[in-house]
Amino acid sequence: MSSYDKYQTPLSTRYASKEMMTIFSARERASTWRQLWVWLAEAERELGLPIPEEAIEQMRKHVVVSDEAFDVAREYENKFRATSCYVTDNADLIFQQRALDLILPKLAKVIQNLQQFALQYKDMPVLGFTHYQPAQLITVGKRAAQWIQELMMDLEDIETVREKLQFRGAQGTTGSQATFLELFEGDANKIVELNEILCKKAGFPSAYAISTQTYTRKVDLRVANAVCALGATAERICSDIRHLANLKEMEEPFEKSQIGSSAMAYKRNPMRSERITALGRKLARLPANFTATFETQWFERTLDDSAIRRMDIPEMFLLADSILLALDNVTNGLVIYPNVIRSRIDQELPFMATESILMKLSTHGVSRQEAHEEVRVLSHQASDVVKQQGGRNDLLERIKKAEFFKPVWGDIDNLVDPKLFIGNCPKIVDDYCNGEVAAKLNKYKASLDKASTAQLSI
């Protein structure tokens, strides 16, 4: 059957990296199962069981390549006293460990991109929005710092589940270790040694103290809660970028030959951010599946976890990987339009500056109550020009012409410098990006030094 005649997930054909696809490939899965048999055979032989070295050597030689290796593994499976969950569950933990190790530096790269961006624009005033209505000024860098903080939370959560991930090891059919106790003729200490050897070979610090036929599916849920939260963060960030693209204040990178719209040649649609939003939406909602899988496991194990985990675990990591590749591309090339930003500030700043004008008038002995009324009247007139006539905000011109405000005419231009209204934003950005963020990124310095920006097919 041609590949064109069967369904293929776009995560593997369009979005995810080769490295992530390899981790969850059929060959890697089968090879890891074989490797687990080899480790078990080596460990049991090391502990004194009569497993022929030549059989183990044959298994080693065929871990990746030939079908014969499967036959050797099957021949000795009963002698090793392991169930299929020994390979399937331990393999799933290995895959999740590798996948976590792959996405962590990619997430750090996105944070580094935004750190550099935030510091570059830490003191560029921009209109803030609450309820998506004009609010006090912040800076372009301060807004990016908020995105960074949310990604930092994701990084810390993913680091935590990676650090706490353990191995299942060899536990028997219900987790009682009974078959291994029989195998080692009642020597329980050898079971402890067996699992220590297996953990060391697989690269895990330890095995979970309690297992049933499987490791508890709470593990998958914990990992999912951390990884899938990245989807929500990505969706939120890219929603901001898409709104700012509409306002023409910020845009994602746009290739010279890129077509923004098939129907309207002049458009520059934020296609990368829209892709990330869609992938993020999918990822953010996967924990519901992991929750249901965990809570519906009965006693020592039911098999209704199998089919859904085969889909959900790879999909979770392929989604996270795809999102991070796209976010890296977007955040490394964000485009800012200062003149548009200033134009929007000029539409709102006159209203914000009235408090400063009132305070300045009070230093000249002018009644605040009377001044407040004068400002109110002129503000409504200016608002009418903006909303009813489609004109620009002319409040400051009106104030400069009104005799009541003559004592401060010469001060007005200085009172409306946008940088007077950004508060402590530059220092907030400096302190955060050069402090907490820099310290966290230092952990990933080796990978960041050799990282290049992800290239996307749009």
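Note: the structure precedes this text.
Residues numbered from 1 in each chain as written. Predicted model: local features only at pLDDT ≥ 70, side-chain atom pairs only at ≥ 80, totals over all residues. Heavy atoms only, no water.

## Some thoughts on the overall build of the protein chain
Working step 1: Looking only at helices and strands, one finds 19 helices and 4 strands in the protein chain.
Working step 2: What you see for the protein chain is a C-alpha radius of gyration of 31 Å, clearly larger than the 23 Å of a compact globule of 458 residues, by over 25%.
Working step 3: With the C-alpha coordinates aligned to their principal axes, the bounding extent of the protein chain is approximately 105 × 50 × 40 Å.
Working step 4: Of all 458 residues assigned to the protein chain, the portion counted as buried reaches 48%.
Working step 5: Across the protein chain, contacts joining residues at least 24 apart in sequence account for 79% of those joining residues at least 6 apart.
Working step 6: For the protein chain, the accessible area works out to roughly 23,100 Å², and carbon and sulfur atoms hold 51% of it.
Working step 7: In the protein chain, the 58 positive side-chain charges and the 62 negative ones have mean positions that sit 4 Å from each other. (Helix = DSSP H or I, 4+ residues; strand = E, 2+ residues; numbered from the N terminus. Rg over C-alpha atoms; globule rule 2.2 N^0.38 Å. Buried < 20%, exposed > 50% of the residue type's maximum accessible area, 1.4 Å probe, protein only. Contact = heavy atoms within 4.5 Å. Areas by Shrake-Rupley, 256 points an atom, 1.4 Å probe, with all protein chains shown as cover. Lys, Arg positive; Asp, Glu negative; His and termini not counted. Charge placed at Lys NZ, Arg CZ, Asp CG, Glu CD.)

## Overview of the packing of aromatic side chains
Working step 1: Evaluated as defined, the whole model comprises 7 aromatic pairs.
Working step 2: Ring geometry for Phe24 against Phe95: centres 6.2 Å apart, planes inclined by 65°, an arrangement best described as edge-to-face. With a gap of 71 residues between them, Phe24 in the loop between helix H2 (18–23) and helix H3 (26–46) and Phe95 in helix H6 (residues 84–120) connect regions that are remote in the sequence. For the residue pair Phe24 and Phe95, the accessibility class agrees, reading buried in each case.
Working step 3: Summarising the aromatic geometry, the rings of Phe167 and Phe204 are spaced 4.8 Å apart at their centres and angled 25° between planes, so their arrangement reads as stacked. On the criterion of sequence distance, the pair formed by Phe167 in the loop between helix H7 (140–164) and helix H8 (178–183) and Phe204 in the loop between helix H9 (188–202) and helix H10 (218–246) is long-range, its members being 37 residues apart. Both residues of the pair, Phe167 and Phe204, count as buried.
Working step 4: Following the ring pairs from residue to residue traces out a cluster consisting of Phe24, Phe95 and Phe317.
Working step 5: Its end group placed over the ring of Tyr215, Arg217 keeps NZ or CZ at 4.8 Å from the ring centre. (Phe/Tyr/Trp six-rings, centres within 6.5 Å; stacked < 30°, edge-to-face > 60°. Lys NZ or Arg CZ within 6 Å of the ring centre and 35° of its normal.)

## So, the layout of surface pockets
Working step 1: The volume enclosed by the second largest pocket comes to roughly 370 Å³.
Working step 2: Around the second largest pocket, the lining is made up of 16 residues, and of these Phe129, Ile138, Arg143, Arg236 and Asp240 lie nearest the centre.
Working step 3: Within the residue set of the lining of the second largest pocket, elements represented by two or more residues are strand E1 (125–130), strand E2 (133–139), H7 and H10.
Working step 4: In the lining of the second largest pocket, the residues fall into 7 nonpolar, 5 polar and 4 charged. (1 Å grid on protein atoms, 1.4 Å probe; cavity = no way out; pocket = protein on both sides within 12 Å on 5 of 7 lines; lining within 4 Å. Points joined across faces, edges and corners; volume = space filled by probe spheres on them. Nonpolar A, V, L, I, M, F, W, Y, C, P; charged D, E, K, R; others polar.)

## A closer look at the packing of helix H12 (residues 287–295) against helix H13 (residues 306–331)
Working step 1: Contact pair H12 / H13: the axes reach a minimum separation of 11 Å and the direction vectors enclose 145°. In the packing of H12 onto H13, the handedness of the crossing is left-handed. The residues of H13 that touch H12, namely those facing Asn289, Phe290 and Thr293, are Ile308, Arg309, Asp312, Ile313 and Met316.
Working step 2: Grouping the amino acids of the contact of H12 with H13 by side-chain chemistry returns 4 nonpolar, 2 polar and 2 charged. (Axes fitted to C-alpha atoms, helices over the stretch in contact; angles between N-to-C directions. Left-handed = near helix turned anticlockwise from the far one by under 90°.)

## Some points on the pairing of E2
Working step 1: One ladder, built from 6 bridges, connects E1 with E2; its direction is antiparallel. The residue bridging Pro125 from the neighbouring strand is Thr139, located in E2.
Working step 2: With antiparallel pairing between neighbouring strands as the criterion, E1 and E2 make up a hairpin whose turn holds 2 residues, including His131 at a positive phi of roughly 60°. (Pairing = 2+ DSSP bridges.)

## Digging into the state of the cysteines
Working step 1: Inspection of the entire model under this criterion finds 0 disulfides.
Working step 2: In this structure Cys199 is a free cysteine whose sulfur lies 17 Å from that of Cys85, the closest cysteine sulfur available.
Working step 3: Its sulfur unpaired, Cys228 is 17 Å from the next cysteine sulfur, which belongs to Cys238. (Disulfide = S-S within 2.5 Å.)

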